[in-house]
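# Chain and residue survey
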Amino acid sequence: MNIFVSNLNPSVTNFQLKKLFSTYGKVLSVNITVNESLPKSIGLGCVNISELSTAYAAILSLNNTLFLGNLINVSEINPYDEQNRINNKKHN
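Attention in this report is confined to the structure presented alongside it.

What counts, and where the lines are drawn
- Residues numbered from 1 in each chain as written.
- Predicted model: local features only at pLDDT ≥ 70, side-chain atom pairs only at ≥ 80, totals over all residues.
- Heavy atoms only, no water.
- Helix = DSSP H or I, 4+ residues; strand = E, 2+ residues; numbered from the N terminus.
- Buried < 20%, exposed > 50% of the residue type's maximum accessible area, 1.4 Å probe, protein only.
- Arc of directions from axis to C-beta.
- Contact = heavy atoms within 4.5 Å.

You will see that Asn 7, though not glycine, has its phi angle at about 65°, which is positive. Within the secondary structure layout, Asn 7 lies in the loop between strand S1 (2-6) and helix H1 (14-22). The class of Asn 7 is partly exposed, set by a relative accessible area of 38%. Despite not being glycine, Asn 64 shows a phi value in the positive range, around 60°. Looking at the secondary structure, you find Asn 64 in the loop between helix H2 (52-62) and strand S4 (65-67).

Of all the positions in H2, only Ala 55, Ala 58, Ile 59 and Leu 62 are classed as buried. The buried side chains of H2 occupy one side of the element, clustering within an arc of 100° when seen end-on. Exposed and facing more than 90 degrees away from the buried side of H2 are Ser 53 and Leu 60. Contacts made by the buried residues of H2 are with S1, H1, strand S3 (40-49), S4 and strand S5 (70-76).

By the element assignment, Ser 6 lies in strand S1. Of the residues examined, Ser 6 reaches a relative accessible area of 13% and is grouped as buried. When residues no more than four places from it in sequence are discounted, the contact partners of Ser 6 are Gly 43, Leu 44, Ile 72 and Asn 73.

Shown next, in the form of structure tokens:
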């Protein structure tokens with residue numbers, strides 16, 4: 001399951017985010033969005049956890065919690081919404 005994380009501290013690394021979510025289950029991948037012109041995190045990330053039950057546990061436990069000084073928002077990425085974003089980018 002893909003999990004969206006927002007309001008990350010700009011100094012957070014992929015390693016730190018993976019470590020946070022690894023306490024809930026096997027993390028397949030982590031990607032923090034970076035502004036390439038700076039290069040600096042823009043406070044958004046995506047975490048992919050293999051098992052649905054552990055992914056939901058991570059969402060419920062970590063949403064609206066303090067992580068490295070910021071109150072983070074954690075939610076499921078809806079595959080339908082993601083596909084719409086991809087399709088919209090192709091047509092614009």
